[in-house]
Structures are given as C-alpha cells and as structure tokens.
Amino acid sequence: MLGLLTEKEIDYLLTQQVTGRLACVTENKAYIVPINYFYKDSTVYAHSAAGKKIDMMRQNPNVCFQVDEISSIFRWQSAIVWGTFEEITNREKKHQAMQGITHRLMPFVTTPTGHPSHGIASRESDLENLDLIVYKIIVTEKTGRFEYTAGI
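So, here is what we can say about the structure in this document. (Residues numbered from 1 in each chain as written. Predicted model: local features only at pLDDT ≥ 70, side-chain atom pairs only at ≥ 80, totals over all residues. Heavy atoms only, no water.)

Some remarks on the pairing of strand S2 (residues 19–26)
If a strand is regular, its side chains alternate between the two faces of the sheet. Put simply, the test is: Under the scheme applied here, a residue whose accessible area is under 20% of the maximum for its type counts as buried, over 50% as exposed, and between as partly exposed, the area being computed with a 1.4 Å probe on protein chains only. A run of DSSP states H or I qualifies as a helix once it reaches four residues; a run of E qualifies as a strand once it reaches two. Both are numbered from the N-terminal end. When DSSP finds at least two bridges between two strands, those strands are taken to pair.
Only one face of S2 is covered, namely the one carrying Gly20, Leu22, Cys24 and Thr26; the face carrying Thr19, Arg21, Ala23 and Val25 has none of its residues buried. Where S2 lies against strand S3 (residues 29–36), eight bridges are found, and the strand directions are antiparallel. Bridge pairing in S3 links leucine 22 to valine 33. With antiparallel pairing between neighbouring strands as the criterion, S2 and S3 make up a hairpin whose turn holds two residues, including glutamate 27 at a positive phi of roughly 50 degrees. In this sheet, strand S6 (residues 62–72) lies alongside S2 in antiparallel orientation, the contact comprising three bridges. Across the sheet, arginine 21 pairs through a bridge with glutamine 66, a residue of S6.

The following block contains the structure:
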C-alpha cells in the first residue's frame, strides 16, 4: 500500500533521522549533498565548512531537503520539505544550534576520538581553527509518502 504521511508523521520522521539530503540551485544548476542535522519547530539545523553548498545557498536561499527511512523496497517512508536557508551569525544562537547538533549526533559517535563535525575536520580540536558556518532551513512546505506491503 502506498500512502501520504500526515504532517505529524513527517515531523516525527524528520526528528528521528540524523542524515538527510540538501538540494540547492544556482544558475540553473542543481546540487544535492548529504548533511547531518537536527530538526526542531519546523526548522532544520546544520553546520558546514565553507564550500559549494554554502556559496549556492547564499546566492539562492530557496532549498529542498529530503529524509527517508528504508527497511526494504516494500517498506519505507520519505519526507521532502522546502524552505529558506538562513545563516546563524548571532553568537548565542549559533552556540545553541551547535549544542543541538552535538546532542543529536553524539549517540552515533562510536569511537573515543569521534565528534559530530567529522566531515569537516579530522579531529574535534581542528574545529577551533575553522570558520564553522551554522545555518538553519526554515521549513515552509512539507510532503511525505510511504509504502507498506503486508507480509514482507
């Protein structure tokens, strides 16, 4: 059976996942990249080093974000949200967002030297030397689908 997720189910899926795919577009060229994130109050929070996705979102803040949970090709759910990129520059709000990201991702760190910014720096101590960009996607629209096949 195929179906639509309710808004509550979409929010739950977004809250439960930690990795999604962020899509941005500039100059008629689309770019999609996986990111780690946390979701709260219709907002996706994430961080990054400077690079292509940040440059693109600064040029065009309209983005799309997708998450899914796949048990099998016959049992899955997926949510897509559209929203607006906004860089967090206020020191206190940036710190709060990083605390949320760290709190959400730390349960998945499996080594003593692991940290939630592993894709940005090799060691957590290296983060002090980076200009870490913390941002949010303010969600303006949501949709979700699922498939559930009994007996599979």
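Description of the packing of aromatic side chains
For clarity, the threshold we go by: Aromatic pairing here means that ring centres of Phe, Tyr or Trp (its six-membered ring) are within 6.5 Å. Orientation follows from the plane angle: under 30 degrees is stacked, over 60 is edge-to-face, and everything else is tilted. Two conditions define a charge located above a ring, namely a distance within 6 Å from the ring centre to NZ of Lys or CZ of Arg, and an angle within 35 degrees of the ring normal.
Counted under the stated rule, the structure contains three aromatic pairs. Plain terms: the ring middles of phenylalanine 85 and tyrosine 135 are 5.6 Å apart, the flat faces sit at 50 degrees to each other, and that makes the pair tilted. Here phenylalanine 85 is found in strand S7 (residues 75–88), whereas its partner tyrosine 135 is found in strand S8 (residues 133–148), with 50 residues between them in sequence. It is lysine 52 that lies over the ring of tyrosine 31; its NZ or CZ is 5.4 Å from the centre.

Some thoughts on helix H2 (residues 52–59)
What counts here: Arc, as used here, means the arc of the directions from the helix axis to the C-beta atoms.
The set of residues buried in H2 consists of Lys53, Ile54, Met56 and Met57. Down the axis of H2, the buried side of the element spans an arc of 165 degrees, and every buried residue falls inside it.

Quick look at the environment of glutamate 7
Quick note on the threshold: N or O atoms within 3.5 Å of each other form a polar contact, as long as, within protein, one can give a hydrogen and the other can take it, and as long as residues adjacent in sequence are counted only when both atoms are side-chain atoms.
Assignment of secondary structure puts glutamate 7 in helix H1 (residues 7–16). Taking the C-alpha atoms as reference points, glutamate 7 and lysine 142, separated by 135 residues in sequence, lie 7.4 Å from one another. Polar side-chain contacts of glutamate 7 include one of 3.3 Å to the side chain of lysine 142.

Regarding the side chain of lysine 53
Stated formally: Only heavy atoms matter for contacts: two residues are in contact if any of them lie within 4.5 Å across the pair.
By the secondary structure assignment, lysine 53 is in helix H2. What lysine 53 contacts, discounting residues up to four positions off in sequence, is Leu22, Cys24, Tyr31, Val33, Ile35, Ser48 and Tyr135.

Structural notes on the environment of proline 61
The residue proline 61 is located in the loop between H2 and S6 in this model. Distance from proline 61 to glutamate 87, taken between C-alpha atoms, is 9.7 Å for residues 26 residues apart in sequence.

Things to note about the pattern of salt bridges
Rules: Whenever Lys or Arg places a side-chain nitrogen within 4 Å of a carboxyl oxygen from Asp or Glu, that contact is recorded as a salt bridge.
Taken as a whole and judged by the stated rule, the model has five salt bridges. Residue lysine 142 pairs with glutamate 7 through a salt bridge whose shortest N-O separation is 3.3 Å. Of the two residues, lysine 142 sits in strand S8 while glutamate 7 sits in helix H1, which places them 135 residues apart along the sequence. Lysine 142 gets classed as partly exposed once you look at its relative accessible area, which sits at 21%. One salt bridge in this structure joins lysine 136 and glutamate 86, with 3.5 Å as the shortest N-O distance. Of this pair, lysine 136 sits in strand S8 while glutamate 86 sits in strand S7, and the two are 50 residues apart along the sequence. Residue classification places glutamate 86 among the partly exposed residues on the basis of a relative accessible area of 36%. In the salt-bridge network here, residues are joined through shared partners; they are Glu7, Asp11 and Lys142.

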